[in-house]
Amino acid sequence: MFSLDDLKYAIRLLKKQPVFSLLAIGVLAGGLAVSLYTFSLLQTALYKDLPLPDGGRVVRVLAKSETGNGLFTFEIQQMRSRVTRVEELGLYRGISATIKEQDVSRTINAAVAEPSIFEFTRTQPVMGRGLVAADSMDGAEPVAVIGHGLWQSQFAGDPKILERVAHVDNIPRRIVGVMPEGYAFPIRAQMWLPLSRSELNAPAYVANGGLPAVVSAYGRLAKGASAAEAGEELSQLLRDVRQQTPRRDNEGYKYDAIEVMSFQRADLGSGGLVLFAVLNFVALAILLLACANVGNMLLVRTNERTGEIAVRVALGAPRRRLISQMTLESLIIGVLGGGVALLLAAWWLRGTNRVLHSLNQSLPYWMNWGLDIRAVVASAGFVLLAVLLVAALPILSASSVQSASLLREHTRGGGQGRASGRITRFLVTLQIVLISLVMVAGGALTVIAKRFVNVDFGIDTDRLLFLEAYPPEIKVPVEQLDKEFRLYDQRMLAELRAESTIDTVMMWTQAGDARFAIDNSQLADLASYPQASAVVSSDAPVQLGATLLEGRYFDHREISGGARSVLVSKTLAETYWPGASAIGRSIRLVAEDGKLGKPLTVVGVVKDVLDPGRVLQIDRRAYTCMVLPPNVEIYKAPGEFLVRHHGNEEETRRALQRIVERLGGTLSRPIAPYAEELESSIRLASAMTEAFQAAGLFALLLGLTGIYGLCRNEVIRRTQEIGLRRAIGATERSILQLLLRQSVRRLVIGLLMGAGLSVVALFALLKFAALGVPTLLTIGFSVVATISLLVASASYFSTRGVLRGEPVEALRYE
Amino acid sequence: MNKQTPLIQLEGVQKSFFTETVETRALQGIDLTIDKGEYVTLSGPSGCGKSTLLSILGLLDVWTAGRYVLGGHDVTSLGREQRARIRNREIGFVFQSFHLISDLSIEENVALPLTYRTDIGKAERARMVAEALDKVEMTHRAKHFPGQLSGGQQQRVAVARALAGRPSLLLADEPTGNLDSKNAEIVVDLLEQLHRDGSTICMVTHNPDTAARAPRQIALFDGTIVSDRQVAIHRDRPAELLLAAN
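Residues numbered from 1 in each chain as written. Chains lettered and ligands numbered in written order. Predicted model: local features only at pLDDT ≥ 70, side-chain atom pairs only at ≥ 80, totals over all residues.

S.K.: Just to check I follow, could you spell out the overall build of chain B for this structure?
M.R.: The number of helices and strands found in chain B is seven helices and 11 strands. Taken across its 246 residues, chain B has 48% of its residues classed as buried. By sequence separation, contacts in chain B at least 24 residues apart represent 66% of the contacts at least 6 residues apart. (Helix = DSSP H or I, 4+ residues; strand = E, 2+ residues; numbered from the N terminus. Buried ≥ 20, exposed ≤ 12 C-beta atoms within 10 Å, placed from the backbone. Contact = placed C-beta atoms within 7 Å.)

S.K.: Where do I start with the overall build of chain A in this structure?
M.R.: Within chain A, the secondary structure is distributed over 22 helices and 24 strands. In chain A, buried positions account for 47% of the 814 residues.

S.K.: Looking at this structure, I do not really get the sheet that holds strand β5 (residues 73–74) of chain B. What am I missing?
M.R.: In any sheet, the strands associate via hydrogen bonds between backbone groups, in a parallel or an antiparallel arrangement. All names here are of chain B. In spatial order, the strands read β2-β1-β4-β5; together these four strands make up an open sheet with antiparallel pairing. Pairing within the sheet leaves two strands with one partner each, and these edge strands are β2 (23–34) and β5. Bridge analysis of strand β1 (residues 8–18) against strand β4 (residues 65–70) gives five bridges, and the strand direction is antiparallel. Note that in β4 the partner of Ile8 across the bridge is Leu70. (Pairing = 2+ DSSP bridges.)

S.K.: Would you mind showing me how to read the pairing of strand β21 (residues 625–628) of chain A here?
M.R.: Taken residue by residue, a regular strand's side chains alternate between the two faces of the sheet. Residues and elements named next belong to chain A. With burial as the criterion, each face of β21 is covered, one bearing Cys625 and Val627 and the other bearing Met626 and Leu628. Two elements, strand β16 (residues 531–537) and β21, share four bridges in a ladder whose sense is parallel. Across the sheet, residue Val535 finds its bridge partner in β21, namely Val627. Of the pairings in the sheet, the one linking strand β18 (residues 565–569) to β21 comprises two bridges and is antiparallel in character. By the bridge assignment for β21, Leu567 is matched with Val627.

S.K.: How should the confidence of the model for chain B be read in this particular structure?
M.R.: Close inspection of predicted coordinates is inappropriate for parts of the model with low pLDDT. Residue and element names in this part refer to chain B. On average, residues of chain B carry a pLDDT of 87, and 92% of them reach 70 or more. Confidence scores differ between elements of chain B, with strand β11 (residues 237–245) showing the lowest mean pLDDT of 43 and strand β3 (residues 39–43) the highest of 95. Residue range residues 236–246 is modelled with pLDDT below 50. Its contacts to residues more than four positions away, or to other chains, number 19 contacts. Overall fold confidence for the complex sits at a pTM of 0.63, while the interface term, ipTM, reaches 0.81. (pLDDT = per-residue confidence, 0-100.)

S.K.: Sorry, what's going on with unusual backbone geometry here?
M.R.: What you tend to see is this: most non-glycine residues have negative phi, and most peptide bonds are trans. Cis rather than trans, the peptide bond between Phe185 of chain A and Pro186 of chain A has omega equal to 10 degrees. Looking at the element boundaries, Pro186 of chain A is found in the loop between β8 (171–178) and β9 (191–194). Located in the positive-phi region is Ala156 of chain A, a residue other than glycine, with phi close to 50 degrees. Within the secondary structure, Ala156 of chain A is located in the loop between α5 (148–154) and β7 (165–168). Taking the C-beta count within 10 Å as the criterion, Ala156 of chain A has 8 such neighbours and is therefore assigned exposed. Here the phi dihedral of Phe98 of chain B falls at roughly 65 degrees; this positive angle occurs in a residue that is not glycine. Relative to the helices and strands, Phe98 of chain B resides in the loop between β6 (91–94) and α3 (106–115). On the basis of neighbour count, Phe98 of chain B is assigned to the buried category, with 26 C-beta atoms found within 10 Å.

S.K.: When you look at the environment of Glu185 of chain B in this model, what are you seeing that I'm missing?
M.R.: Residues and elements named next belong to chain B. Residue position: Glu185 is located in helix α6 (residues 181–196). Note on Glu185: 15 C-beta atoms within 10 Å, which makes it partly exposed. For the pair Glu185 and Gly152, spaced 33 residues apart in sequence, the C-alpha separation works out to 9.5 Å.

S.K.: What is the right way to read the packing of α3 of chain B against helix α5 (residues 151–164) of chain B from this model?
M.R.: Two quantities define a packed helix pair, namely the angle between the axes and the distance from one axis to the other. Residue and element names in this part refer to chain B. Taken N-terminus to C-terminus, the directions of α3 and α5 make an angle of 30 degrees; their axes are 7 Å apart at the nearest point. The angle between the axes of α3 and α5 places the two elements in the roughly parallel class. In this structure, the crossing between α3 and α5 has a hand that is right-handed. Every residue of α5 that contacts α3 at Ile106, Asn109, Val110, Ala111, Leu112, Pro113 and Leu114 is listed here: Val157, Ala160, Arg161 and Ala164. (Axes fitted to C-alpha atoms, helices over the stretch in contact; angles between N-to-C directions. Parallel < 35°, antiparallel > 145°, perpendicular 65-115°, else oblique. Left-handed = near helix turned anticlockwise from the far one by under 90°.)

S.K.: How should the interface of chain B and chain A be read in this particular structure?
M.R.: It is common to give the size of an interface as the accessible area that goes away when the parts come together. The partner chain A presents 26 residues to the 26 residues of chain B that form the contact. Secondary structure elements with two or more residues in the side of chain B that touches chain A: α2 (80–90) and α3 of chain B. A breakdown of the residues in the side of chain B that touches chain A according to their chemical character gives 11 nonpolar, eight polar and seven charged. (Nonpolar A, V, L, I, M, F, W, Y, C, P; charged D, E, K, R; others polar.)

S.K.: Even after reading the chapter, I still don't get the pairing of strand β19 (residues 586–589) of chain A, so can you show me in this structure?
M.R.: Residue and element names in this part refer to chain A. Taken together, the three bridges between strand β15 (residues 502–518) and β19 define a ladder with antiparallel strand orientation. Within β19, the position partnered with Ala517 by the bridge is Arg588. Pairing between β19 and strand β20 (residues 600–606): two bridges, direction antiparallel. Bridge assignment links Ser586 to a residue of β20, and that residue is Thr601.

S.K.: Where do I start with the packing of helix α3 (residues 73–80) of chain A against helix α7 (residues 227–244) of chain A in this structure?
M.R.: Residue and element names in this part refer to chain A. Between α3 and α7, the least distance of the axes is 10 Å, while the angle of their chain directions is 110 degrees. Considering their axes alone, α3 and α7 lie roughly perpendicular with respect to each other. In the crossing of α3 with α7, the sense of the turn from one axis to the other is right-handed. Of the residues in α7, those in contact with Glu75, Gln78 and Met79 of α3 are Leu234, Leu237, Leu238 and Val241. Grouping the amino acids of the contact of α3 with α7 by side-chain chemistry returns five nonpolar, one polar and one charged.

S.K.: In this structure, what is going on with the confidence of the model for chain A? I would like to understand it.
M.R.: Residue and element names in this part refer to chain A. Looking at chain A as a whole, the pLDDT averages 80, with 83% of positions reaching at least 70. Mean pLDDT values for the elements of chain A range from 43 in helix α12 (residues 403–411) up to 93 in strand β6 (residues 143–146). Contacts of residues 207–211 to residues separated by more than four positions or lying in other chains number 16 contacts, the stretch itself having pLDDT below 50. Between residues 401–416, whose pLDDT stays under 50, and residues either more than four places distant or in other chains, the model counts 41 contacts.

S.K.: Help me out: how do you make sense of α3 of chain A in this one?
M.R.: Three or four residues apart is the spacing at which side chains of an α-helix point the same way, because the helix has 3.6 residues per turn. What α3 of chain A keeps buried is the set Thr73, Phe74, Glu75, Ile76 and Met79 of chain A. Buried residues in α3 of chain A make contact with β2 (71–72), β3 (86–101), α6 (197–200), β12 (214–221) and α7 of chain A.

The following block contains the structure:
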């Protein structure tokens, strides 16, 4: 289709106008780079196979529950021999373990897993051995396999590592193997410990280590089976198991179905999915903007070459040949732009990798961004799409008129014809549609990003440490667990309060959502009752948790006197008792069967407190919360404390660790400043949002310059027409009005279409983060005002420019 | 304007174009009078200033020096808005390259000058457009677009547009320049018919045959009028020289 002569001619044309060529390549490269970057980000985070042999079939098996995804060990053990759609089902528990070397402790992520875990991943240790069945036997020597990173950082890459013993949660474990660099299956493990046979074979629902016996599971989808089918099969098996052994209701954790999905999808969650979808949507809009801009540039050039095209047509050039000539120029720009885009995207991905891994040490191991073969293939696809879009405009312009009329229009000064005008007007409208979409999505993301950065969790985090520890194994009937947990909490509180470096301490446990009834109101069904996020808190000698605005905090009346009280957030109080004091009013918790609990008297109103888990949905609902004392029925699990210290942070941490050890407990995660705990919940999302804000700014610049250029091009294209209108008596004002009126018509059409697409984008974003009506109106108004101003000023100033001279100058304009 | 008042009076009109270092004099002190009802051709070699003179006559361009009285009114110091108003009501233009607006239909193109007038209602405008199209025998193509017409037809539409507002002066700049001889003949016949109907016509032409058909023939060279001749025109025999000036 393409001849060498055509190629030479296209290269000559591009070389003849180097500024034009560089600008076109640069703009297209920018659009392609943003698309490629977003695609790679999504690809790695969600769709890419796990970096394991046959990683495409590796899945995670999860309980379908709002409060967790662990599976009861007893149940999954009953099911695993019967499941056919998931193969090689394996079980593990992700824990936070403390590893101590010469009095220095460090908390690491560990997987307590079945010995088959390394066979499952087809990965052999680089040193020593993996876990074997004998390691899981009761009474076996405690062993550990460590990751390459831990070997390097904790043991300085000691070549005699297999002769060493690591103290993990105070248990000396012989290191028997080192896994290869980058290996951290299932998610972010640095160490692998054997899951004991006794834990795996625990009788039904018996608690272990003070907690219900819950495990996580992984497996490989059977060939030909889908994740949904596997989930259905496991859910059915779950129902069968429960028919044989009914589940007890007092474990404080419920699920009635099982789902199967990739590790990536399970880790990302639905909020992340929506975010990625919106970002890719916006990235595609940016690519279209870039294509429209470059297409417009080529269109202008094609129009300049109308005479040449007419001559070629007159000389008998077949239409196919003309199209190939037009396409070649776009192809060269596309290929060069694609090459630059690949380099840019690779650079951005590398930077993202560096920034995100430095921000969040516990990123899943598969999140290593970079260009791979799929990205290169995708970039070829993007380039092809861009070339088609970019070449379509000049081809349409040149092909939509017949050769005779092409010659006629060119020689008769009748402007550049209806076809060219229609394309330019279409481009202006398209640009307005795309830029409205990008601006609305960008505006919404900016608001969200600002919230991430400035989010107020409602707690003074100065010198505040967060401590979460499992209690020691408690061998009591399940019915007595709550009482034992409360005793453990009290012992912890007493020990912590006796520590000299600690100013004050309180229990502060996020307890999920709770439905409640105001005063004595009764509603038809459970779903009708309002919901609030609940925190279970102890008393606090000095205010430590939420700042008290009115009333009092819990004291001995609740802790030892049995008083049933509640603290409500300012938002909750204002919502349900507007204009009146909430103190003395009552709330009742609503059980899952719809029954109302005993009344809780509101004794205080606290500043709005945000559950870090709700950081992506910062709305009125997120700030509707209540603080409850441990004596209420919502209390589920022990062990989360806020500690304000006055000494050295490191010393305090060590002291806290000693207390946990003394009481026989286990840290479930590293002791960390609470500020860090809160920040970690927003870091990843805010870093990504900020990165996309930068891309959004580029898109904005692209769109705004594009719209300005197109509007200006449209006016300049009509210079002779303007001259004619003046010649036959149109005043300057009437011409300005005419052109502005026509611009406004396109503006309105573009904005309406843009609004439609923006609603779709906002609908998706609103699921991810709530934005109030005033915010949406502000964004909408700003977008409409900016684009209107731009279109109007581009039309006005371009028209003024044409009107500046005498009519005869416009008439003679070429 | 009474009957004796000339339609156009130019006194010492000059036009210069300035580049960074050079001043080019396109017109060098033109004195010219054209009466109502005259049919005048302007001819001369390329660059002699004939189109510039026509642009000034049509108030499409400004002049550097001199005085211009149109219909008894001095238009030398008029502003842009006032000149636009005069162009709209008093002058009709026919251009070499037609300058029809490709997005407008034929009748919309013809109606264009009338749309800038507030004293003409829609019905009146439609009637005037129909009349103008009828005069150029293009009524049957009223709903078409310029791209669908031949060159000769497009120029006839351009003439209709120039006539639609019933101007007192019709200016034509090389109206046959882009046409074949047959279509050129049709357009010149049309202009002659309009002249016979009482229109004042001033036409720039390169073509000696076309120029020879006008009762008054002005020749320019280097920005000055070098000849201004009145001839008696008989449809069945060559032009007869009546008067020679300059």
